[in-house]
Amino acid sequence: LHMFSNGGGFLYEALLDVCAADKALAYLPEQITRVIFDSSPCEMNWSTGTLALVYPSRSWVRRAVAGLVLLIMVFLNPFNDRRARYTRALTTAKVRCGELYLYSDDDQLCPVPYLESIAAARKRLGVPVTLVRWKTSPHCAHLRAHPDEYTRALFSFLD
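In this report, we go over the structure that sits alongside the text. (Residues numbered from 1 in each chain as written. Predicted model: local features only at pLDDT ≥ 70, side-chain atom pairs only at ≥ 80, totals over all residues. Heavy atoms only, no water.)

### Digging into unusual backbone geometry
It is generally the case that most residues other than glycine have a negative phi and that most peptide bonds are trans. What counts, and what does not: Per the convention used, a helix needs a DSSP run of H or I reaching at least four residues, while a strand needs a run of E reaching at least two, with both numbered from the N terminus. Burial classes: relative accessible area under 20% of the type maximum marks a residue as buried, over 50% as exposed, and values in between as partly exposed (1.4 Å probe, protein chains only).
S40 connects to P41 through a cis peptide bond whose omega is -5°. Counting through the fold element by element, P41 comes out in the loop between β2 (34-38) and α3 (46-54). Its identity as a non-glycine residue notwithstanding, S5 has a phi of 55°, on the positive side. When you line up the elements, S5 lands in helix α1 (residues 5-21). The class of S5 is buried, set by a relative accessible area of 19%. Although it is not a glycine, S39 sits at a positive phi angle of roughly 55°. Tracing the chain through its elements places S39 in the loop between β2 and α3. Exposure remark for S39: the relative accessible area of 0% places this residue in the buried category.

### Some remarks on the pairing of strand β4 (residues 129-134)
Test applied: When DSSP finds at least two bridges between two strands, those strands are taken to pair. Convention used here: a crossover is right-handed provided that the path from the first strand, over the helix, to the second strand proceeds clockwise when the strands point away from the viewer.
When strand β3 (residues 98-104) meets β4, the two strands line up parallel, connected through six bridges. Within the sheet, the bridge partner assigned to S104 lies in β4 and is W134. In this view, the connection linking β3 to its parallel neighbour β4 by way of helix α6 (residues 112-124) has right-handed handedness.

### Observations concerning the nonpolar core
Applicable threshold: Buried Ala, Val, Leu, Ile, Met, Phe, Trp, Tyr and Cys residues form a nonpolar core when they are joined through side-chain atoms within 4.5 Å. In this analysis, two residues are considered to be in contact whenever any of their non-hydrogen atoms come within 4.5 Å of each other.
Judged by nonpolar contacts, the single largest core of 22 residues is most densely connected at Y12, I32, V35, F37, L90, V95 and Y101. Put simply, the parts of the chain that give this core at least two residues each are α1, β2, α5 (80-92), β3 and α6. Excluding anything up to four places from it in sequence, Y12 contacts L1, M3, I32, V35, F37, L90, A93 and V95. In this structure, L100, L102, V132 and L154 belong to the second largest nonpolar core, which totals nine residues.

Right under this line is the structure:
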């Protein structure tokens, strides 16, 4: 599985949930041989969530909507439980194949400490974890910014 940003992470979480809930699908997670996280998992909080709504747009409409969402998130904070479930699902997944994390220091949507804490939790469970970290590379654009290193990391991981 090759996932990009939290959209990919959410799909992975949903796949694991469906497999856990349906005995007929319980075997599927064991069939996963490699997991690749590109600019993922990202911490869900008000600042990265708001930024994700406008990234990379400069539209004033999108920024206004993001401001409204920010106000809702600050005052109602509806995402705490969701954030905790997402983090728990990724750190405790029963899948034990190798995981590759591709990320960068200046990715505004995916803070390094959160991503590395997920990877460290997986490593403590005995999951083989490979980290590839760049100094500069935009969100979900590591291949474009570092084509040779990115493909080398992928092929090395998949071997």
